[in-house]
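Notes for the structure review
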Amino acid sequence: MYKLAMFITALIMVTSCGNKKNSDDFSKSDETSKTPIDPTTYDPNRGIGKFTTVDLGDKLNESLAAEGEKIQSVKCAACHKLTDEKLVGPGWKGVISRYKPEWIMNFITNPDPMIDKDPKLQALLEICLVRMPNQSLSDTDARNLLEYMRKNDGIK
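Everything numeric here is computed off the predicted structure, so don't read it as measured data.

What counts and what doesn't
- Residues numbered from 1 in each chain as written.
- Predicted model: local features only at pLDDT ≥ 70, side-chain atom pairs only at ≥ 80, totals over all residues.
- Heavy atoms only, no water.
- Helix = DSSP H or I, 4+ residues; strand = E, 2+ residues; numbered from the N terminus.
- Buried < 20%, exposed > 50% of the residue type's maximum accessible area, 1.4 Å probe, protein only.
- Axes fitted to C-alpha atoms, helices over the stretch in contact; angles between N-to-C directions.
- Parallel < 35°, antiparallel > 145°, perpendicular 65-115°, else oblique.
- Left-handed = near helix turned anticlockwise from the far one by under 90°.
- Contact = heavy atoms within 4.5 Å.
- Salt bridge = Lys/Arg side-chain N within 4 Å of Asp/Glu carboxyl O.

Of note, R143 is situated in helix α7 (residues 139–152). Under the relative-accessibility criterion, R143 is labelled buried at 1%. When the C-alpha atoms of R143 and E102 are compared, they prove to be 9.9 Å apart, with 41 residues separating the residues in sequence.

Attention shifts here to the packing of helix α4 (residues 101–109) against α7. Contact geometry of α4 with α7 gives a least axis separation of 9 Å together with a crossing angle of 130°. For the element pair α4 / α7, the angle class is oblique. As for how α4 packs across α7, the hand of that crossing is right-handed. Between α4, through P101, I104, M105, I108 and T109, and α7, the contact on the second element is made entirely by D139, A142, R143, L145, L146 and M149.

A separate point is the pattern of salt bridges. In the structure shown here, the tally under the stated rule is eight salt bridges. The partner of E67 in a salt bridge is K70, and the shortest N-O contact between them spans 3.0 Å. You can see E67 and its partner K70 sitting in helix α2 (residues 62–76), three residues apart, about one turn around the helix. Taken together, the shared-partner salt bridges in this structure form one network comprising D112, D116 and R131.

In structure tokens, the structure reads:
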């Protein structure tokens, strides 16, 4: 019975880390502005990636947060808890106060160059011992996850 449970857990983790491509073009939204990715440039406030500005608005966007919750349950929950407790990766509680929105969006959509250049992520890698996989999330998915992280941190 234990082996069956472990097999099912492993199967869920492998399938949630798929390489599904999504062609959403988030640049059509007023929420962000894009610049080309330059992996040689590192900015500790925004990381490495196309997001230079993310306009969060004054209030939580409940519909974006609801979509982000769906994505979190499928793509993120196997490795991240919503508390500050570490699972495979660090917990999400307080992430909004620790990182700027641009940094979070760039990390969600561009984890490999970020891990290679960001000292904070390299320190987390030493603790977690597992690199965050590239989930091939669209820009829209990343924005929805960011809004769900805001909701998880009590933003109203």
